[in-house]
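# Structural description and commentary
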Amino acid sequence: MTEERKKQLQDSFARVRAEIAARNPEAILLAATKTVPVEDINYAIDHLGLTHIGENRVPELLEKYDGIHKATPDGKPVSIHFIGHLQTNKVKYIIDKVDVIQSLDRLSLAEEIQRQAEKHDRTVDVYVEVNIGREEAKSGVDPDKVEEFLSEISGFSRIRVAGLMTMAPKCASFEEYLKYFAEMRQIFIDNTEKIMHNRLEACLSMGMSDSYTAALEAGSGMIRVGSTLFGARVYPEVRK
Ligand SMILES: *Cc1c(COP(=O)(O)O)cnc(C)c1O
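No experiment lies behind these values; they were computed from the predicted model shown.

What the chain contains, in helices and strands, is 9 helices and 8 strands. A globule of 240 residues ought to have a C-alpha radius of gyration of about 18 Å, and the chain, at 17 Å, matches this closely. Counting the 240 residues in the chain, one finds 50% classified as buried. For the chain, contacts bridging at least 24 residues in sequence account for 63% of all contacts bridging at least 6. When the accessible area of the chain is evaluated, it comes to approximately 11,600 Å², of which 49% is carbon and sulfur surface. Both charge centroids of the chain, one from 32 positive and one from 38 negative side chains, sit 3 Å from each other.

Here it is in structure tokens:
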């Protein structure tokens, strides 16, 4: 890894951390690491205090999993989250590797997570994904159906609902993002009891590179930032 690259990562992490400190110091920084080489991820874990990473493709997670450091040098565990759309038939590949599945958006997926969790004799933390912009093309539970969905999955003994996650629609301004995130924050508060069975650590995961400052303002508990930390993504298909 070049010194220049290390410097870039130091600077970008410092910038995002400064926003967190200024707007919402409690919020967790999760690095969205799709297309990011393991070397860069490990540099951030070893030298920049990174403790939460999110992958969103099953094959890529499996490919990188063994190489990713599982703790920081001072012994803090690294938590690996699955943040992408999850096909039901792929749950079995990641069930023993991820700490949280952030993209629970349908009953059939909950059923499969329950089944695989039983097989592995473990409990799985999930966040329920909410489609806050009510966008046709996006996955996520309709904002008006969150409570109903939480009731439906409350009987799954191996699933612990540990929060809510959302991806806001693409907006043109801070204020526009703030509107969606404020609505999401309200849904989170309204459902808090149900979600966390009165556990205070339930998490609201919202905010990405173009929206994390607004999300922090609205009370996000976890921002998921990729390109602002690591630079524009280069997908394998177009890599020369
Ligand atoms: C890629 C991704 C992010 C981060 O996106 P950036 O715009 O690069 O910050 C956050 N959440 C999910 C679910 C993602 O897939």
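Residues Leu 104, Ile 113, Val 128 and Leu 164 are the most contacted members of the largest nonpolar core, which totals 66 residues. Considering each element in turn, this core owes the most residues, 5 residues, to helix α7 (residues 174-196). When sequence neighbours within four positions are dropped, the list of residues in contact with Ile 113 reads Val 91, Ile 95, Ile 101, Leu 104, Val 124, Val 126 and Ile 159. Grouped together as the second largest cluster of nonpolar side chains are 9 residues, Ala 32, Val 100, Ala 162 and Met 165 included.

Within the structure shown, the criterion is met by 2 aromatic pairs. Ring plane angle 80° and centroid distance 5.9 Å describe the contact between Phe 13 and Phe 230, whose orientation is recorded as edge-to-face. Taken as a pair, Phe 13 in helix α1 (residues 3-23) and Phe 230 in helix α9 (residues 227-230) lie far apart in primary sequence, 217 residues in all. What makes Phe 13 buried here is its relative accessible area of 1%. Ring centres of Tyr 177 and Phe 181 lie 6.0 Å apart, and the angle between their planes is 10°; this geometry places the pair in the stacked category.

What counts, and at which threshold
Residues numbered from 1 in each chain as written. Predicted model: local features only at pLDDT ≥ 70, side-chain atom pairs only at ≥ 80, totals over all residues. Heavy atoms only, no water. Helix = DSSP H or I, 4+ residues; strand = E, 2+ residues; numbered from the N terminus. Rg over C-alpha atoms; globule rule 2.2 N^0.38 Å. Buried < 20%, exposed > 50% of the residue type's maximum accessible area, 1.4 Å probe, protein only. Contact = heavy atoms within 4.5 Å. Areas by Shrake-Rupley, 256 points an atom, 1.4 Å probe, with all protein chains shown as cover. Lys, Arg positive; Asp, Glu negative; His and termini not counted. Charge placed at Lys NZ, Arg CZ, Asp CG, Glu CD. Core = buried A, V, L, I, M, F, W, Y, C linked by side-chain atoms within 4.5 Å. Phe/Tyr/Trp six-rings, centres within 6.5 Å; stacked < 30°, edge-to-face > 60°.

Shape descriptors only; they carry no functional weight alone.
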